[in-house]
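What the coordinates show
One-letter residues, chain by chain:
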Amino acid sequence: MVTVNGEKVEAVDKNLAEYLEEKAFDIKKIAVEINGEIVPKSKYSETVLHDGDSVEVVSFVGGG
């Protein structure tokens, strides 16, 4: 199991890009942290989710 934004999900052995696409995240408008480390967008497709990982996906919102 992987924890994403505080929720347990089945995403073990998927790469981050696959997971984000499956969940319809807009890659241009998010930042991702895995186990306390920010993941560069260029590494999403080569970053594999492992059992026990803690993932935080933060969306950017415009405004003022």
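For the structure, see preceding data.
One structure accompanies this document, and this report is about it. (Residues numbered from 1 in each chain as written. Predicted model: local features only at pLDDT ≥ 70, side-chain atom pairs only at ≥ 80, totals over all residues. Heavy atoms only, no water.)

Turning to the environment of Pro-40, a few remarks are in order. Residue placement: Pro-40 occurs in the loop between β4 (37–39) and β5 (54–59). Sequence spacing of Pro-40 and Leu-20 is 20 residues, and the spatial spacing of their C-alpha atoms is 14 Å. (Helix = DSSP H or I, 4+ residues; strand = E, 2+ residues; numbered from the N terminus.)

Inspection of the secondary structure puts Thr-47 in the loop between β4 and β5. Its relative accessible area of 18% is what places Thr-47 among the buried residues. Only 2.6 Å separates the side chain of Thr-47 from the backbone oxygen of Lys-43, close enough to count as a polar contact. Excluding residues that lie within four positions of it along the chain, Thr-47 makes contacts with Lys-14, Asn-15, Leu-16, Ile-34 and Val-39. (Buried < 20%, exposed > 50% of the residue type's maximum accessible area, 1.4 Å probe, protein only. Polar contact = N/O pair within 3.5 Å; in protein donor to acceptor, adjacent residues only side chain to side chain. Contact = heavy atoms within 4.5 Å.)

The subject of this paragraph is the nonpolar core. Membership of the largest hydrophobic core comes to 15 residues, with the highest contact counts inside it found for Leu-16, Leu-20, Val-32, Leu-49 and Val-55. Of all the secondary-structure elements, those providing two or more residues to this core are β1 (2–4), α1 (16–22), β3 (30–34) and β5. Once you skip the residues sitting within four places of it in the chain, Leu-16 turns out to touch Val-32, Ile-34, Val-39, Tyr-44, Thr-47 and Leu-49. (Core = buried A, V, L, I, M, F, W, Y, C linked by side-chain atoms within 4.5 Å.)

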